[in-house]
Amino acid sequence: MFVFPPPSPRVSVSPYAPLNLPGGQQIIIETANTLNHPTGPEYSFSVGEGTYILREDIYLATPPPHPSEVPVVNTNPLATTLSSPTAGTKLSVLSHRNRNSSLQPLKPASGSRGVDGTESRTSGETEGLEDGHGSDVCLTGSGSLTSRSIDGLVRPTERFGAGNPALAASMKDAKKKKPKNNISKSNSSFISRIISHEHLTMRLAKRSMDEMFVFANINRAFNWLDLNHPKKQESLSKILFTRAHPLCHDVNPMTQSLTHLDVIIGFSTGDIIWFDPMSNKYARINKNGQIKCSPVTDIKWLPESECLFLVSYADGSMIVYDKDKEDATFVSEEETDLEKVAQKGPSITVKKSVESKNQKANPVAFWQISRQPINAFAFSPDCSHLAVVSEDGCLRIIDYVREKLLDVYHSYYGGLSCVCWSPDGRYILTGGQDDLVSIWSFSDRRIVARCEGHHSWVTGVAFDPWRCDERTYRFGSVGEDTQLLLWDFSVGMLHRPKAISPHKGSTSNHSSSFPSVAGRLRAESQAGRLQSDASLADTVQGSNETIDHPVEPRSRTAVLPPIMSKTVDPEPLTSLMFREDAIITTCLDGHVRTWDRPHLNNADTSSQVTVSAAS
């Protein structure tokens, strides 16, 4: 009986391909990063200012699973919860940029005070610094060191932990450390290997002002590239980890130099790596979950701090660490009565305060924010507030300097996955599982508009400071529907909510001491901006209670359509970043795409060091 031979195996289209060895055994090898320059009408999109064109597409090769990893089988293909923590592709960019170009980012207000009475710096005190989205001020949060006040007063911002002599003494006595372990010679089972560029030393010695270093985590790999080099797809170094996936990272602009960089990386196991890519030295924090055994969901350096950083976890907690301190087994310093907490309403549980006298070891502070995973957080432009979004669908505004919860807002349904502040600190953007981008007013403490246009979960939001002016804000969003959406938002577009008769009932549960939303708002005659009445400012400052804002019905919420919608990748998108010359998008599969802005007139300018980080 004649039998046809089995068909030849199909060519693998995965990021890694099988290699046949003698005897028929197959092993999986990793492929190199690739660089492509696609052309055609499908690789461009038009907005009012002109046409954006795809400059390049860098594909970061995804390493295969480590042999020690046990395959996770998801028996439910329709499950909305991931079987294992993953984050797609997350970027941080360190570069020199021209400062006096023809297009400048939106400048913040000259000085301000937040809703809690905290006062901010003036813009002159922050000249020369730039935040994660390109604005010339705050270091690690979105926006600047100044924000819109509700009463116009100006006072200096308080530093985190400045009132605790024990913390100040411990930081003063602590020697400025550098990571000591050589990652290329490490015997740790946590690190698989590091692949360094053969000409890394030469490349670093010939550094120029045109460099643009990019750090990217994808799967179990952490990449370091130079996007201004002709062979930009070649990693300067690439670290592969054994059983943990890097989910997020951040670069400290306060300590960067030609010979040193401080990079912190958060992992799915709860571990944190403090890494200097220049020297290939590292230190491990929260080793094996000594303080918290839960996946790290977001990580950022505290503004203007050389050693403190904030970490959020999948169990709803947030912890402040000091890179120079040793870890110690954590024991809560706060006795919590869960029944009283449930009766009291929304709050944060301070398990260790920054005011604690015990500051010899990590953690510096420990807060329980939610009972569900925290997905992202962002520092406010005045560097004294936090916007935190979580899987329970809540946006929380926290005065982290005083460790106090101020406001709680809710999505229509589902969790919130991303958050950012406007460059002037007036507004907050969130996106999540309700397929909406929501605009919230920080000073007026209310929702401003819902933005409809996505057809799946929103995974990234960011303001474009170079397209924001005194009247109009430009921001963008990406989602799992593979689409990039751009929006133009002007206060003049807003409508006043319709008055609701008390006989018909209202969903609002505000205290009667708070004025109505319509009563709070008035339009400025010249600038067309929204301000708060002095009565609201007095009420907010005089209240020590957290305000749990109800969900506003659709009939009372403005709806904003996008000005542009474009499918920019075949895979679900994970983040976007606005640069002076381009928009950068990343996807779940490892593609980093750079979209050139319409032509800008370049001028001879001086350079400035900036740090850009994804939302």
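Within any chain, residue numbers begin from 1 and follow the written order of that chain's sequence. Local features in a predicted model are, by the rule used here, given only for residues with pLDDT of at least 70; side-chain atom pairs are given and counted only at 80 or more, and totals for whole chains, interfaces and linings are based on all residues. Note: side-chain values were computed over all heavy atoms of the structure, leaving out hydrogens and water.

A few words now on the overall build of the chain. For the chain, the count of helices and strands is 5 helices and 40 strands. Any residue under 20% of the maximum accessible area for its type is buried, any over 50% is exposed, and the rest in between are partly exposed; the area is computed with a 1.4 Å probe on protein chains only. For the chain, buried positions account for 56% of its 615 residues. Intrachain contacts of the chain at a sequence separation of at least 6 include 64% that bridge at least 24 residues. Here the Shrake-Rupley method, with its probe set to 1.4 Å, supplies the accessible areas, and only the displayed protein chains count as covering residues. For the chain, the accessible surface area stands at approximately 26,700 Å², while carbon and sulfur atoms represent 52% of it. Here a strand is any run of E in DSSP of at least two residues, a helix any run of H or I of at least four, and the numbering for each starts at the N terminus. Whether two residues are in contact is decided by their heavy atoms: any pair within 4.5 Å suffices.

A word on the packing of aromatic side chains. Working definition: a ring pair exists when centres of Phe, Tyr or Trp rings (six-membered ring for Trp) sit within 6.5 Å. Plane angles under 30 degrees give stacked, over 60 give edge-to-face, the rest tilted. Taken as a whole and judged by the stated rule, the model has 23 aromatic pairs. With 5.2 Å between their ring centres and 90° between their planes, Tyr427 and Phe489 make a pair best called edge-to-face. Residue Tyr427 is found in strand S26 (residues 427–432), and its partner Phe489 is found in strand S31 (residues 483–490); the two are separated by 62 residues along the sequence. Owing to a relative accessible area of 2%, Tyr427 belongs among the buried residues under this scheme. Three or more aromatic residues link up through ring pairs in this structure, and these residues are Tyr427, Phe463, Tyr473, Phe475, Trp487 and Phe489. Only when the NZ of Lys or the CZ of Arg is both within 6 Å of the ring centre and within 35 degrees of the ring normal is a charge said to sit over the ring. It is Arg284 that lies over the ring of Phe190; its NZ or CZ is 4.2 Å from the centre. The residue whose ring lies beneath Arg450 is Tyr412, and the NZ or CZ to ring-centre distance is 4.1 Å.

On to the state of the cysteines, then. Whenever a pair of cysteine sulfur atoms sits within 2.5 Å, that pair is classed as a disulfide. As enumerated under the stated definition, the model contains 0 disulfides in all. A disulfide-free cysteine, Cys420 has its sulfur positioned 7.9 Å from the sulfur of Cys418, the nearest such atom.

Further remarks concern the nonpolar core. The tendency in soluble globular proteins is for nonpolar side chains to be buried as a group. One finds Phe160, Leu310, Met318, Trp367, Leu386 and Tyr400 to be the most contacted residues of the largest nonpolar core, which totals 26 residues. Of all the secondary-structure elements, those providing two or more residues to this core are strand S17 (308–313), strand S18 (317–322), strand S20 (365–368), strand S21 (374–379), strand S22 (386–390), strand S23 (394–399) and strand S24 (404–410). Looking at this core element by element, the count peaks at 3 residues for S21. If near-sequence neighbours (up to four positions away) are discounted, Phe160 is found in contact with Leu302, Leu308, Val320, Val354, Val364, Ala365, Trp367, Tyr400 and Val401. Put simply, buried Ala, Val, Leu, Ile, Met, Phe, Trp, Tyr and Cys residues joined by side-chain atoms within 4.5 Å make one nonpolar core. Among the nonpolar cores identified, the runner-up in size contains 24 residues, and Phe241, Ile265, Phe275 and Tyr282 belong to it.

Right, let's talk about the sheet that holds strand S15 (residues 281–285) for a bit. For two strands to pair, DSSP has to find at least two bridges joining them. Read across the sheet, 5 strands follow the order S7-S15-S14-S13-S12 without closing on themselves; strand pairing throughout is antiparallel. Either end of the sheet is taken by a strand with one partner, and the two such strands are strand S7 (181–182) and strand S12 (246–251). Judged from the 5 bridges that link them, strand S14 (residues 272–276) and S15 form a sheet pairing that is antiparallel. Across the sheet, Phe275 pairs through a bridge with Tyr282, a residue of S15.

For the rest of this paragraph, the subject is the pairing of S12. Extensive coverage of S12 is indicated by the burial of 6 of its 6 residues. Taken together, the 5 bridges between S12 and strand S13 (residues 263–267) define a ladder with antiparallel strand orientation. Note on S13: the bridge partner recorded for Asp250 is Ile264.

Across the sheet, 5 strands lie side by side as S16-S17-S18-S20-S19; this open sheet has antiparallel pairing. At either end of the open sheet lies a strand with only one pairing partner, and these are strand S16 (296–301) and strand S19 (349–352). Taking the axes of each pair of neighbouring strands and ignoring which way they run, one obtains an average angle of 20° across the sheet. Two strands pair when backbone bridges link them, and S17 and S18 are joined in this way by 5 bridges, in the antiparallel orientation. Opposite Val311, over in S18, you have Ile319 as the bridge partner. Note on method: axes are straight lines fitted to C-alpha atoms, helices fitted across the in-contact stretch only, with angles between N-to-C directions ranging 0 to 180 degrees.

By definition, a salt bridge exists where a carboxyl oxygen of Asp or Glu is found within 4 Å of a side-chain nitrogen of Lys or Arg. Summed over all chains, the structure comprises 20 salt bridges. Lys292 is the partner of Asp315 in a salt bridge, and the nearest nitrogen-oxygen pair spans 2.7 Å. Within this pair, whereas Asp315 is found in the loop between S17 and S18, its partner Lys292 is found in the loop between S15 and S16, the two being separated by 23 residues in sequence. Relative accessible area serves as the criterion here: at 25%, Asp315 is assigned to the partly exposed category. Using a relative accessible area of 13% as the deciding quantity, one classes Lys292 as buried. For Asp424, the salt bridge goes to Arg426, with nearest N and O atoms at 3.1 Å. With relative accessibility at 11%, the residue Arg426 sits in the buried group. One connected set of salt bridges, linked through shared partners, spans Glu49, Arg467, Arg474 and Asp488.

With an omega of 5°, the peptide bond between Asn362 and Pro363 qualifies as cis. Positive phi, close to 60°, is recorded for Asn280, a residue that is not glycine. Within the element layout of this structure, Asn280 appears in the loop between S14 and S15. You can call Asn280 buried: its relative accessible area is 11%. Despite not being glycine, Asn286 has its phi angle at roughly 55°, a positive value. Mapping Asn286 onto the fold places it in the loop between S15 and S16. Under the relative-accessibility criterion, Asn286 is labelled buried at 0%.

Next up on the list: the side chain of His249. As for its placement among the helices and strands, His249 is situated in strand S12. Polar contacts here mean pairs of N or O atoms no more than 3.5 Å apart (in protein, one a potential hydrogen donor and the other a potential acceptor; neighbouring residues in sequence count only if both atoms are side-chain atoms). Within polar-contact distance, the side chain of His249 engages the backbone oxygen of Phe215 at 3.2 Å. Ignoring sequence-local partners within four residues, the contact set of His249 consists of Lys90, Leu91, Ser92, Phe215, Ala216, Asn217, Phe222, Ile264, Ile265 and Ile299.

Turning our attention to the pairing of strand S38 (residues 582–587). Judged by how many residues are buried, S38 sits mostly within the fold: 6 of 6 residues are covered. Both faces of S38 are covered, namely the face carrying Ala582, Ile584 and Thr586 and the face carrying Ile583, Thr585 and Cys587. Note that strand S37 (residues 573–578) and S38 share 5 bridges and pair antiparallel. If you follow Leu573 over to S38, its bridge partner there is Cys587. Taken together, S37 and the strand that follows it, S38, pair antiparallel across an intervening segment of 3 residues. Joining the antiparallel neighbours S38 and strand S39 (residues 591–596) is a turn of 3 residues, in which Gly590 adopts a positive phi near 115°.

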